[in-house]
Amino acid sequence: MGLSEKILDRSAKVGVVGLGYVGLPLAMEFGRAGYTVYGIDVDDGRIAKIRAGRSYIQDVPDTALSQLVSSGKLIPSLVYRVLKGIDAVSICVPTPLRKTRDPDIQYIVDATAKIRECLHEGMLITLESTTYPGTTDEILLPEFRNDGFEVGRDFYLAFSPERIDPGNPQWNTRNTPKIIGGVTPECTRLSKLLYEQVVERVIPVSSTKSAEMVKLLENTFRAVNIGLVNEIAIMCDKLGIEVWEVIDAAATKPFGFMPFYPGPGLGGHCIPIDPLYLSWKLKLLNYNARFIELASEVNTHMPEYVTTKIARALNMKKKAVNGSRILVLGVAYTKNISDIRESPALDIIRLLQHDGAEVSYSDPFASELRIDNVVLRSEELTPGVLRGYDCVVVVTDHNAVDYDRIAQESALVVDCRNAIRKGATNVVKL
């Protein structure tokens, strides 16, 4: 039986490498569609939780995970050798930046080497990890070809950028359109056919490079526009104008404008990182991606701007940052999720501590976090607790927090998210 037939009758066995925010929801969708899914991760803690039916991803309920594991539709594993019997594998490993701000694709390289050991005729490999244009053709393809297999005939290789938005109640793996670009037309066709079984709409593009570029365009678009509006916020502050009023008024224009909102900096694993993959690649071609570099500069310095704002606000109360008790509200990188990766709150806390402040935090989604090997635990917002702080800083505006009460019970609030809409003399906006 050919791969197409196996995909259509659900007898194809699917592997997902990397069971994080992208991989685990994808594995769940394949399992729900009737496929037997082998989920592979090098983190033994993750594998143990999956085997116990306990989810560590907010968008994956325990009950749904437990049902798939107990039915044998999702089989977690720490070893790659299970891939020797599978028909299609999706690579969903992380792609961070090095400290030098150039791409770290070691996870992709490692996964590719392990999959190569299991490569067999008829196997479909789809890379989902965000990376620079050319990665699939330049890194994965030569490895698999070294075994004498011909792409598009003996095995199939494609790229399909992940489009996960953690905590989004409207858009998920199934209803978010999926981009597919294969090394050959047959690679594209088979990868598209597979994903069509679990995603409502799949859009093919002409090549893996085009598919890789799609993801970088999406996140560069956001990074650049957020950088622009962050700089507008700084301009408005210097001009004595409230930026939130300006944006709300501009957003009434029914054409030619899309509202973006300022904040304390970028967080998460995509928007602060992905555009720099593109910038790095272009530097190799002797081209400077000026918009990306400028936006990154503005966004990266927002935590410093926020701490300066806090210092000025405290100064108006005849207090110094040094010795002040400051409560940071929200440490996740965006609202209503527990993900603190690259969160600007971490930089803000470090900067305030460096200036001598006694910093605590409260976040209903993150019970603890580690700052420079020191573990902090979330403060419960019990009645009266806010009065014990010299300043409260709204960094992440979770819906579960009563911001009117925050304004009423706090001596001073620096609001980075426009969470407190009602005017109050003790609230300083970004």
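Presented here is an overview of the structure given in this document. A quick note: this is a predicted structure, and the numbers were derived from the prediction, not measured.

**Some thoughts on the nonpolar core**
Core analysis: the biggest nonpolar cluster contains 74 residues, and Val-17, Phe-30, Leu-74, Leu-83, Ile-115, Ile-125 and Phe-155 have the highest contact counts within it. Those residues within four positions of Val-17 in sequence are excluded, and the remaining contacts are Ile-40, Tyr-80, Leu-83, Val-89, Ser-90, Ile-91, Cys-92, Val-93, Ala-111 and Ile-115. If you look at the next biggest cluster of nonpolar residues, it comprises 40 residues, including Ala-223, Val-229, Ile-271 and Ala-313.

**What to know about the pattern of salt bridges**
Enumeration over the complete set of coordinates arrives at 24 salt bridges. Arg-174 is paired through a salt bridge with Glu-29; the nearest N and O atoms lie 3.3 Å apart. Of this pair, Arg-174 sits in the loop between strand 6 (155–159) and strand 7 (178–182) while Glu-29 sits in helix 2 (residues 23–32); the two residues are 145 residues apart in sequence, bridging distant segments of the chain. On the basis of relative accessible area, Arg-174 is assigned to the partly exposed category, the value being 31%. Residue class for Glu-29 comes out buried when judged on its relative accessible area of 9%.

**What to know about the pairing of strand 4 (residues 88–91)**
Of the two faces of strand 4, the one carrying Ala-88 and Ser-90 and the one carrying Val-89 and Ile-91 are both buried. Across four bridges, strand 1 (residues 13–17) lies against strand 4 in parallel orientation. Within the sheet, the bridge partner assigned to Val-17 lies in strand 4 and is Ile-91. Two strands pair when backbone bridges link them, and strand 4 and strand 5 (residues 123–127) are joined in this way by four bridges, in the parallel orientation. Looking at strand 5, one finds that Ala-88 is bridged to Leu-124. In terms of handedness, the path from strand 4 via helix 5 (residues 106–118) over to strand 5 forms a crossover that is right-handed.

**Observations regarding the sheet that holds strand 5**
One open sheet accounts for eight strands, arranged 3-2-1-4-5-6-7-8; its pairing is mixed. In this open sheet, the two strands that pair with only one neighbour each are strand 3 (74–77) and strand 8 (202–204). Each strand of the sheet is rotated relative to its neighbour by a mean of 25°, with strand direction disregarded. Pairing of strand 1 with strand 2 (residues 36–40), which is carried by five bridges, proceeds in the parallel orientation.

**Thoughts on the side chain of Ser-360**
Of note, Ser-360 is situated in strand 10 (residues 358–362). Among the polar contacts made by the side chain of Ser-360, one reaches the side chain of Tyr-389 at a distance of 3.4 Å. Residues in contact with Ser-360, not counting those within four places in the same chain, are Ile-326, Leu-327, Val-328, Glu-379 and Tyr-389.

**Some remarks on the sheet that holds strand 9 (residues 325–329)**
The strand order across the open sheet built from five strands is 10-9-13-14-15, with neighbouring strands paired in parallel fashion. Because the sheet does not close on itself, it has two edges, and the strands there are strand 10 and strand 15 (427–429). Neighbour-to-neighbour, the strand axes of the sheet open up by a mean angle of 20°, direction not taken into account. Sheet analysis places strand 13 (residues 391–394) next to strand 14 (residues 413–415), joined by three bridges and oriented parallel. Paired with Val-393 across the two strands is Val-414, which belongs to strand 14. Sheet strands in contact with helix 12 (residues 302–316) are strand 9, strand 13, strand 14 and strand 15, and its direction is about 150° off that of strand 13.

**Details of unusual backbone geometry**
Positive phi, close to 60°, is recorded for Asn-286, a residue that is not glycine. Mapped onto the elements, Asn-286 comes out in the loop between helix 10 (274–284) and helix 11 (290–300). You can call Asn-286 exposed: its relative accessible area is 75%.

**Considering the packing of helix 6 (residues 135–145) against helix 8 (residues 208–239)**
Following both chains from N to C, one finds helix 6 and helix 8 inclined at 125°, their axes separated by 8 Å at the closest point. It follows from the interaxial angle that helix 6 and helix 8 lie oblique. Of the residues in helix 8, those in contact with Thr-135, Thr-136, Asp-137 and Glu-138 of helix 6 are Thr-208, Lys-209 and Glu-212. Along the lines of polarity and charge, the residues of the contact of helix 6 with helix 8 split into no nonpolar, three polar and four charged.

What counts and how
Residues numbered from 1 in each chain as written. Predicted model: local features only at pLDDT ≥ 70, side-chain atom pairs only at ≥ 80, totals over all residues. Heavy atoms only, no water. Core = buried A, V, L, I, M, F, W, Y, C linked by side-chain atoms within 4.5 Å. Buried < 20%, exposed > 50% of the residue type's maximum accessible area, 1.4 Å probe, protein only. Contact = heavy atoms within 4.5 Å. Salt bridge = Lys/Arg side-chain N within 4 Å of Asp/Glu carboxyl O. Helix = DSSP H or I, 4+ residues; strand = E, 2+ residues; numbered from the N terminus. Pairing = 2+ DSSP bridges. Right-handed = clockwise from strand over helix to strand, strands pointing away. Axes fitted to C-alpha atoms, helices over the stretch in contact; angles between N-to-C directions. Polar contact = N/O pair within 3.5 Å; in protein donor to acceptor, adjacent residues only side chain to side chain. Parallel < 35°, antiparallel > 145°, perpendicular 65-115°, else oblique. Nonpolar A, V, L, I, M, F, W, Y, C, P; charged D, E, K, R; others polar.

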